[in-house]
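Here is what each chain is made of, one letter per residue.
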Amino acid sequence: MPAMLEVRPHTQSAAGLVWPLAEFYRLRELPLPSLETLDGPALPEPFRALLAHPRDMTPTLERFHKGRLHLAVLDRFLRGEYYHRLVALCLDKQGSPVEFGANCINLNHFPCTARRLISEEYVPLGTILADFDLVHFNEPQAYFRIEADALIQGALRLAGPRLLYGRRNRMTDAHGRVLSEVVEILPPLDCATG
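**Notes on helix α4 (residues 57-65)**
Working step 1: Taken as a whole, α4 has its buried residues at M57, T58, T60, L61, E62 and H65.
Working step 2: Taken from the residues just after α4, K66 is the one with a positive phi, measuring 55°.

Written out as structure tokens, the structure reads:
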């Protein structure tokens, strides 16, 4: 089993592994939490089934939790046409968070009506892609185990530090253009079901 990596904010490889989440840590002048990379098969179930696949997370989590999801945007900024946001995906009825993450969305590659929905900050990107029938492909880049720090604990409503599982994913369109880079971290199951 790989040892936990002590990740520092300016470690290029660590920051790259969890970019764009690392950008929010950099802007807040916070160190990145400790993490270790894992191969997809090394993820324990049910996290392997929820993370190690080339599908969108929104419908995957909606099926698993048997409920619709909405966004809770915790922070955001715009750099040109690149919209960065720090989010929690929450169950509509219970309001409990079932994912924490960050993404960088290239707004240039979305139709105007989809861009409007993205900017309204309620409908998850996976739902928008499905609703607009936008052909896209998920390319998971890495899987990891991460220690929940105060930022992650707050977003996922955790009472203290926990080891969590996540992935970094790239979404591309039919022309190979990057639509979004996203880091997706799941809460422990005892916290995610509301």
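We are not done yet, so read on.
**Let's talk about the sheet that holds strand β5 (residues 136-147)**
Working step 1: Here seven strands make up an open sheet; going across it, the order is β1-β5-β6-β7-β4-β3-β2 and the pairing antiparallel. Each end of this open sheet is capped by a strand with a single partner; those strands are β1 (35-38) and β2 (69-79). In this sheet, neighbouring strand axes are inclined to one another by 20° on average, regardless of whether the strands run parallel or antiparallel.
Working step 2: With nine bridges joining them, strand β3 (residues 82-91) and strand β4 (residues 97-106) adopt antiparallel strand pairing. Each bridged residue has a counterpart across the sheet, and for L86 the counterpart in β4 is A102.
Working step 3: The strands that α4 touches are β2, β3, β4, β6 (163-173) and β7 (178-186); relative to β4, the one it contacts most, it runs at about 170°.

**So, the pairing of β3**
Looking down a regular strand, the side chains alternate between one sheet face and the other.
Working step 1: Among the ten residues that make up β3, nine are buried, leaving the element largely enclosed by the rest of the structure.
Working step 2: With ten bridges joining them, β2 and β3 adopt antiparallel strand pairing. Bridging from a neighbouring strand, H70 pairs with C90 of β3.
Working step 3: Counted along the chain from β3 to the antiparallel partner β4, the turn is five residues long, and its residue G95 has a positive phi close to 80°.

Basis of the calculations
Residues numbered from 1 in each chain as written. Predicted model: local features only at pLDDT ≥ 70, side-chain atom pairs only at ≥ 80, totals over all residues. Heavy atoms only, no water. Buried < 20%, exposed > 50% of the residue type's maximum accessible area, 1.4 Å probe, protein only. Helix = DSSP H or I, 4+ residues; strand = E, 2+ residues; numbered from the N terminus. Pairing = 2+ DSSP bridges. Axes fitted to C-alpha atoms, helices over the stretch in contact; angles between N-to-C directions. Contact = heavy atoms within 4.5 Å.

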